[in-house]
Number of protein chains: 2
Amino acid sequence: MEENRIRRPELLKKVMSAAEAAELVKDGMTIGTSGFTPAGYPKAVPLALAERGKKEKIKITLWTGASVGDELDGALTRAGVVAKRLPYQTNNSIRDAINKREVEYIDIHLSQVAQQARYGFLGYLDMAIVEAVAITPEGHLIPSTSVGNTPTFVKLAEKVIVEINTSQPLELEGMHDIYIPADPPKRQPIPLTRVDDRIGTPYIPCDPDKIVAIVFTDIQDNVRPLAPVDAISKQMAENLIEFFKQEIRAGRLPSNLLPLQSGVGSVANAVLAGLAQSDFTNLEFYSEVIQDSVFDLLDLGKMRFVSGTSITPSETGLKRFYENIKSYRQKIILRPQEISNNPEVIRRLGIIAMNTAIEVDIYGNVNSTHIMGTRMMNGIGGSGDFSRSAYLSIFATPSTAKNGAISCIVPMVSHVDHTEHEVHVIVTEWGVADLRNKCPVERAQEIINKCAHPNYRPWLKEYLDKALKKGGHTPHYLPEALSWHIRFETSGHMIPTLKEEAALMKEERVG
Amino acid sequence: MEENRIRRPELLKKVMSAAEAAELVKDGMTIGTSGFTPAGYPKAVPLALAERGKKEKIKITLWTGASVGDELDGALTRAGVVAKRLPYQTNNSIRDAINKREVEYIDIHLSQVAQQARYGFLGYLDMAIVEAVAITPEGHLIPSTSVGNTPTFVKLAEKVIVEINTSQPLELEGMHDIYIPADPPKRQPIPLTRVDDRIGTPYIPCDPDKIVAIVFTDIQDNVRPLAPVDAISKQMAENLIEFFKQEIRAGRLPSNLLPLQSGVGSVANAVLAGLAQSDFTNLEFYSEVIQDSVFDLLDLGKMRFVSGTSITPSETGLKRFYENIKSYRQKIILRPQEISNNPEVIRRLGIIAMNTAIEVDIYGNVNSTHIMGTRMMNGIGGSGDFSRSAYLSIFATPSTAKNGAISCIVPMVSHVDHTEHEVHVIVTEWGVADLRNKCPVERAQEIINKCAHPNYRPWLKEYLDKALKKGGHTPHYLPEALSWHIRFETSGHMIPTLKEEAALMKEERVG
């Protein structure tokens, strides 16, 4: 079995326990790991390192692909090992530490991490810790359920620790397409013109002399249960699909749409589920994360091909994927996130980008990272890579949050991740606001009338009226621009007066 | 002479006066024109149309490349002819009308205008009005001092009016390189890997049957005097050049830098003038606008090659260009703005993007369009095309404006055009803040200590301290986040107290 997974005999002598491998990590090191969502990240060595961290002082800078499982972000954070972290996270422990500023967190566009590392902007990379399904006779690494930034981390790191995960089937081999662009001034066009193009190698090139430890483990990807499709998400999905049909009728989209990118979570699931029930066929997916609903679309014959950087289904979805891997691998390619999220490719293919917003303002600016402008939720992730270069850039959000105490449509967002310049469409359960070719005041009217919760519309209109009296191309009444957030922080609701709050609370969220 | 400029004899019968041509414009039409900065825009027909507009009700939607001369934006606005306008402007008359909301204005990333027009997002294009130096035997158009969006406008428009401008020398022929990408899903890689690559044709393809009028004119480009290089701009340029040298020493930039993009105006001029006096050689320029300082760099042999979409020197610079055109045309290519500003190419070439900010906040968000969050200055222009894909994204601003009454470093910007995610470096006359690989609080300290005016530093620190007590990854004290802008609107200065204002006003701006 070892020989099946480690095909370069001289490397067999590097096999050791996770605890032994974790001893190779030194205080102050920068460590880059595999993993993108809770898929394909190292597990055994981080857990062993966390054990070490409980007994001795050891602080590291941690680079990953994106979010990773609790064995890495969670255990290391709780053991106090993480001093600095990039570029994206979704783990409660590390999120809490980031917001307490116990962990320094750098929130970078996911497509830019690898090149910024190669450019030397992020400092020296001491070590890569990488999950693999196997090591080739040349010493190259076969990744598992994600690619993320692993190719560049392996290229840059002085030392590499490989975790061979035997819970990851060998049939994953061949699903990956590894391409690292040359750096300027020598970079060439990325030769990818179709979702199913293969442009690289099925392995991550690795100098075998760099490999200082190999650890066997069988800890499974810590996949999450599917976010349930609630009534609001379902309505948002229906609104969006109806919008797609209008665009096709208007001649602005082909009948099989253009390659889709979708964020993760309830809304994304609902949209893909809605497409599965629609009469769309021959769809393509060029995105980051591949979830259960994508398998549905493939199984139904409605989706032609899928490109991503990570497979992150639910527990049952993972079982389904493993059981049908020989069929799925014909229709799925996993790429480095520098390619899955590459603006050059996104603009060329004409991606329809669908991402979620925390809040949207009346002029179409989107906050996708900071609760009330200060507390980090997850990070910008790939939303900026896609929105800034997409054919159509769509943001979805329920019209309210916290049982109506928060309006997700506000006078001015408290943090901007996507500007008015790259937000084409807003979707809520109430409707679709098409912001293209509209000036700011037209956008405000469109968003208020189509997307805001009806209970908040009068207040948004009142704000807009007050702002219009102040004048300007993008009218704002600055003393009240952030007043909804301030009110929420002090009184737990955004509604302008307590009287109206009482009236609002009696009503239903969705009509 | 006419035969020299109109080389397709059957088109000679389309020659008419500007007034006759202007009659072809109908109320409600959408008109796309040539022009990018006051260079290469049509002049005679717009002036004639403005005359018509004084006598009869005629409203048009106007698309251009970017800003244009007063004969177009100014005269038509003052005659009440412009109902809607995109994508960028710098003209006092139209800016005033935009801020009074008499003109609807759509502020689009300059690289995206042509494709959004082709995708059908902007509506139907009735007519293109285009300045040319000549029409080829096939009916194709030789542009003059800019390319802008003209190739796509000519392709899409139902009818084309050509202004042959005899003040523009025939020697411009051959300087242009016209390439229109195919649209998704058929788009291919843009085959440009070096600043001096030619990938298209030297003319704008045009179906001669579309040409409904040809007008001769000799009105020169309404070029502007050079913004003088003041002490503050000079200091900013020195700071930036020193930063480049540090980056070279650190191995993060090659010794001849990477291709430079530079906005227009005083700071840009100063930086390029600073490079002319430095020992840098073999520089390359991949930008939008080519100004006098670029000719200096070419003449000194310090710059190898220049790519842009527009030549906009001063009056003396234009004379100098015309006199030496045979030499300059060996080293300058003019491209459509969809290519000069193309994110695919910008990321591939590794552009160093240098743009100006109206204000910057302590976390590195940049406002480059809206005075006090409401009043449109010019527009985002190409700054977003470049900043979002640059190798290094640099924003420059003096630390204060209005004789110190405004701090250009504020707690929270009143409008965001460039987010913390794509702003690497801030430069003021006080220093350079390197924001790469820094978490928000580190960025705030860097910006306050390196870039803010010393008189404002205590107030910024006081804000940051107050925000830190509120907590979160990106600390803000929302009730005061926009208080500096509110104070300016009510009292004409941003300084927190009148007592401190008095103290501040006694001091000099630059130490």
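Residues numbered from 1 in each chain as written. Chains lettered and ligands numbered in written order. Predicted model: local features only at pLDDT ≥ 70, side-chain atom pairs only at ≥ 80, totals over all residues. Heavy atoms only, no water.

Chain A is annotated in an unreviewed UniProt entry as Succinyl-CoA:acetate CoA-transferase from Thermanaeromonas toyohensis ToBE. We quote the UniProt Sequence similarities (unreviewed entry) comment for chain A here in full: "Belongs to the acetyl-CoA hydrolase/transferase family." (UniProt positions renumbered as here; feature names shortened; annotations may be inferred.)

Novice: Looking at this structure, I do not really get the domain arrangement of chain A. What am I missing?
Specialist: By a widely used convention, the size of an interface equals the accessible area lost when the partners come together. All names here are of chain A. Domain annotation of chain A identifies domain 1 (2-217) and domain 2 (231-510). For domain 1 and domain 2, the distance between their C-alpha centroids amounts to 30 Å. Tallying the contact residues gives 52 residues for domain 1 and 47 residues for domain 2. Between domain 1 and domain 2 we count three salt bridges in total. The residue Arg335 makes a salt bridge to Asp177 at a minimum N-O spacing of 3.2 Å. Between the two partners, domain 1 and domain 2, sit 33 residue pairs in polar contact (both at pLDDT 80 or more). Class assignment for the residues of the side of domain 1 that touches domain 2 results in 22 nonpolar, 19 polar and 11 charged. (Domains from an automatic or database assignment. Contact = heavy atoms within 4.5 Å. Salt bridge = Lys/Arg side-chain N within 4 Å of Asp/Glu carboxyl O. Polar contact = N/O pair within 3.5 Å; in protein donor to acceptor, adjacent residues only side chain to side chain. Nonpolar A, V, L, I, M, F, W, Y, C, P; charged D, E, K, R; others polar.)

Novice: Teacher, can you tell me more about the UniProt feature "domain: Acetyl-CoA hydrolase/transferase C-terminal" (unreviewed entry) in chain A here?
Specialist: The residues that UniProt annotates with the feature "domain: Acetyl-CoA hydrolase/transferase C-terminal" (unreviewed entry) are residues 317-463 of chain A. The distance from the first to the last C-alpha atom of residues 317-463 of chain A is 46 Å, and the span holds 31% helix and 24% strand. (Helix = DSSP H or I, 4+ residues; strand = E, 2+ residues; numbered from the N terminus.)

Novice: How should the sheet that holds strand β18 (residues 366-367) of chain B be read in this particular structure?
Specialist: Strands pair in a sheet through their backbones, by hydrogen bonds, and they do so in one of two ways: parallel or antiparallel. All names here are of chain B. Read across the sheet, three strands follow the order β18-β17-β24 without closing on themselves; strand pairing throughout is mixed. Both outer strands of the open sheet, β18 and β24 (409-410), are each paired with one neighbouring strand and no more. Judged from the two bridges that link them, strand β17 (residues 359-361) and β18 form a sheet pairing that is antiparallel. In the sheet register, Glu359 faces β18, and the bridge partner there is Asn367. (Pairing = 2+ DSSP bridges.)

Novice: What exactly am I supposed to notice about the packing of aromatic side chains here?
Specialist: Across all of its chains, the model carries 20 aromatic pairs over all chains by this definition. When the centroid spacing of 5.7 Å and the interplanar angle of 35° are considered together, the rings of Tyr456 of chain A and Trp484 of chain A count as tilted. Here Tyr456 of chain A is found in the loop between α16 (440-450) and α17 (457-470), whereas its partner Trp484 of chain A is found in helix α19 (residues 483-491), with 28 residues between them in sequence. Judged by relative accessible area, Trp484 of chain A falls into the buried class, the value being 3%. Grouped by ring-pair contacts, the aromatic residues Phe295, Phe321, Tyr322 and Tyr328 of chain A constitute a single cluster. The cationic tip of Lys43 of chain B hangs over the ring face of Tyr41 of chain B; the distance from NZ or CZ to the ring centre is 4.3 Å. When the ring centre of Phe121 of chain A is taken as origin, the NZ or CZ atom of Arg436 of chain B, which lies over that ring, is 4.3 Å away. (Phe/Tyr/Trp six-rings, centres within 6.5 Å; stacked < 30°, edge-to-face > 60°. Buried < 20%, exposed > 50% of the residue type's maximum accessible area, 1.4 Å probe, protein only. Lys NZ or Arg CZ within 6 Å of the ring centre and 35° of its normal.)

Novice: Just to check I follow, could you spell out the relation of the copies chain A and chain B for this structure?
Specialist: The relation between the two chain copies is a rotation about an axis coupled with a shift along that axis. Of the transformation superimposing chain A on chain B, the axial component is 0.0 Å and the angular component is 180°, with the fit at an RMSD of 0.0 Å. The transformation relating the two chain copies, once decomposed into turn and shift, fits a two-fold axis. The C-alpha atom lying nearest the rotation axis in chain A is that of Glu344 of chain A; the distance is 2.2 Å. Both copies contact each other with a shared surface, as 100% of the interface residues of chain A are interface residues in chain B too. (Least-squares fit on C-alpha atoms with pLDDT ≥ 70 in both.)

Novice: Is there a simple way to explain the pairing of strand β1 (residues 30-33) of chain A in this structure?
Specialist: If a strand is regular, its side chains alternate between the two faces of the sheet. All names here are of chain A. On β1, burial covers both faces: Thr30 and Gly32 on one face and Ile31 and Thr33 on the other are all buried. Bridging between β1 and strand β2 (residues 60-63) involves three bridges; their strand directions are parallel. Of the residues in β2, the one forming a bridge with Thr30 is Thr61. Following the backbone out of β1, through helix α3 (residues 44-55) and into the adjacent parallel β2, one traces a crossover that is right-handed. Relative to strand β5 (residues 127-132), β1 runs parallel, the two being bridged by three bridges. The residue of β5 that forms the bridge with Ile31 is Met127. (Right-handed = clockwise from strand over helix to strand, strands pointing away.)

Novice: Help me understand the pattern of salt bridges in this model?
Specialist: Oppositely charged side chains can pair when the atoms bearing their charge come close. All names here are of chain B. This model, assessed by the stated rule, comprises 66 salt bridges over all chains. With a closest N to O distance of 3.9 Å, Arg52 and Glu23 form a salt bridge. Of this pair, Arg52 sits in helix α3 (residues 44-55) while Glu23 sits in the loop between α2 (18-22) and β1 (30-33), and the two are 29 residues apart along the sequence. Looking at Arg52, the relative accessible area reads 10%, which means it is buried. Across the pair Asp296 and Arg320 runs a salt bridge, and its minimum N-O distance is 2.8 Å. With a gap of 24 residues between them, Asp296 in helix α10 (residues 292-299) and Arg320 in helix α11 (residues 315-323) connect regions that are remote in the sequence. Exposure remark for Asp296: the relative accessible area of 30% places this residue in the partly exposed category.

Novice: Looking at this model, I keep getting lost on the environment of Lys59 of chain A. Mind explaining?
Specialist: Residues and elements named next belong to chain A. Among the secondary structure elements, Lys59 is positioned in the loop between α3 and β2. When the C-alpha atoms of Lys59 and Leu76 are compared, they prove to be 9.5 Å apart, with 17 residues separating the residues in sequence. Not counting the four nearest positions on each side in its chain, Lys59 is found in contact with Asp27, Gly28, Met29, Gly80, Val81 and Ala83. Looking at Lys59, its side chain comes within polar contact range of the main-chain oxygen of Gly80, at 3.0 Å.

Novice: Explain the packing of α16 of chain A against α17 of chain A to me, please; I cannot follow it from the model alone.
Specialist: Working note: a packed helix pair is described by the angle between its axes plus the distance between those axes. Residue and element names in this part refer to chain A. At a closest axis distance of 9 Å, the pairing of α16 and α17 adopts a crossing angle of 165°. By the angle class used here, α16 and α17 are roughly antiparallel. Classified by chirality, the crossing of α17 by α16 is left-handed. Side by side, α16 and α17 meet where Val441, Ala444, Gln445, Ile448, Asn449 and Lys450 of the first sit next to Arg457, Leu460, Lys461, Leu464 and Leu468 of the second. Partitioning the contact of α16 with α17 into residue classes produces six nonpolar, two polar and three charged. (Axes fitted to C-alpha atoms, helices over the stretch in contact; angles between N-to-C directions. Parallel < 35°, antiparallel > 145°, perpendicular 65-115°, else oblique. Left-handed = near helix turned anticlockwise from the far one by under 90°.)

Novice: Explain the side chain of His424 of chain A here, please?
Specialist: Looking at where His424 of chain A falls in the secondary structure, it is placed in the loop between β24 (409-410) and β25 (425-428). Here Ser393 of chain A takes part through its backbone nitrogen, which lies 2.9 Å from a polar atom of the side chain of His424 of chain A. Every residue in contact with His424 of chain A, bar those within four places of it in the chain, is listed here: Ala390, Tyr391, Leu392, Ser393, Ala433, Asp434, Leu435 and Arg436 of chain A together with Gln116 of chain B.

Novice: Explanation requested: the interface of chain A and chain B in the structure shown.
Specialist: Between chain A and chain B, the contact holds 76 residues from the first and 76 residues from the second. Interface area, chain A with chain B, both sides summed: about 6600 Å², of which 54% is carbon and sulfur. Across the chain A-chain B interface, the total number found is four salt bridges. Here Glu422 of chain A makes a salt bridge to Arg388 of chain B, at a shortest N to O gap of 3.0 Å. The interface formed by chain A and chain B holds 38 residue pairs in polar contact (both at pLDDT 80 or more) in total. When residues of the side of chain A that touches chain B are assigned to their parent elements, the largest contribution, five residues, is made by helix α14 (residues 343-349) of chain A. (Buried area = accessible area lost by both parts, 1.4 Å probe.)

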